[in-house]
Amino acid sequence: DVRNGCDIGGGHRGVGIKAGRLRCLPGSDRKNITQAERSMQLTPFKCLPSEFEEPVKTIYQKSGLPESIAMIVSLISGYHDIYAEVTRRAVNKVGVNNVDGQAAYDALTHMKDFKPVGYHSTVSFTKTKLQGPDFVVMYQIQNGKSVLVEKDIYVPDLLPGGKDVP
């Protein structure tokens, strides 16, 4: 859900993509944003139940949940899959009795090209790249439905020290 082409979560004006939110570009003029631009959504998550892998697709179809809930299911599934993978890696590295916050942080910041359930993209983390998705997709609301219009949009690592900082 994008309003006035800006991040709903707080009116940020920086360049960036954050789970399902499109932020304004510097100097953008909110008055000149078209209806089509307002209907766009950049996200790593799968917004259509038909995009889910099995067995999630079948479970979702049997649930009777509306299509509008699919992105939430994708988001929750993906986050839990990342948490589980971080835990698994930390346990493998330091042992089940020695897992602490530092072990989890180290496991997360060394995660490369992991494909969470419910994501279109892989995720990779480093000490400077803590948002995860390597690529996003773009959906547009057309006639009240989400339609996938673009895939594999690279997410640059623009945080201080990031590999894509000019």
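Bear in mind the structure is a predicted one, so any value in this text is a computation, not a measurement.

### Some remarks on the nonpolar core
Nonpolar side chains tend to gather and get buried jointly when the protein is soluble and globular.
Point 1. Ranked by size, the top nonpolar core spans 16 residues in total, and within it I82, M111 and V123 carry the most contacts.
Point 2. Per-element accounting of this core gives the leading share, four residues, to helix 3 (residues 70–94).
Point 3. Not counting residues within four places of it along the chain, the set of residues in contact with I82 comprises L108, M111, F114, P116, Y119, V123 and F125.

### Section: the confidence of the model for the protein chain
Point 1. In this model, the protein chain carries a mean pLDDT of 79, and residues with pLDDT of at least 70 account for 77%.
Point 2. When mean pLDDT is taken per element in the protein chain, helix 4 (residues 101–109) scores highest with 95 and strand 1 (residues 17–18) scores lowest with 36.
Point 3. Across residues 1–30, where pLDDT falls below 50, the model places 60 contacts with residues more than four positions away in sequence or in other chains.

### Comments concerning the pairing of strand 4 (residues 135–142)
Point 1. In this structure, strand 3 (residues 40–43) lies alongside strand 4, joined through four bridges in antiparallel fashion. In the strand pairing of strand 4, T43 is matched with V137.
Point 2. Where strand 4 lies against strand 5 (residues 145–154), seven bridges are found, and the strand directions are antiparallel. Directly across from Q142, in strand 5, lies its bridge partner K145.
Point 3. From the end of strand 4 to the start of strand 5, which pair antiparallel, there are two residues, and N143 there has a positive phi angle of about 55 degrees.

### Side note on the pattern of salt bridges
Point 1. Applying the stated criterion across every chain, the model contains five salt bridges.
Point 2. E53 serves as the salt-bridge partner of K115, at 3.9 Å between the closest nitrogen and oxygen. Taken together, the positions of K115 in the loop between helix 4 and strand 4 and E53 in the loop between strand 3 and helix 2 (56–63) put the pair 62 residues apart, joining distant regions of the chain.
Point 3. Residue classification places K115 among the partly exposed positions, given a relative accessible area of 38%.
Point 4. Judged by its relative accessible area of 34%, E53 falls in the partly exposed class.

Thresholds applied
- Residues numbered from 1 in each chain as written.
- Predicted model: local features only at pLDDT ≥ 70, side-chain atom pairs only at ≥ 80, totals over all residues.
- Heavy atoms only, no water.
- Core = buried A, V, L, I, M, F, W, Y, C linked by side-chain atoms within 4.5 Å.
- Buried < 20%, exposed > 50% of the residue type's maximum accessible area, 1.4 Å probe, protein only.
- Helix = DSSP H or I, 4+ residues; strand = E, 2+ residues; numbered from the N terminus.
- Contact = heavy atoms within 4.5 Å.
- pLDDT = per-residue confidence, 0-100.
- Pairing = 2+ DSSP bridges.
- Salt bridge = Lys/Arg side-chain N within 4 Å of Asp/Glu carboxyl O.

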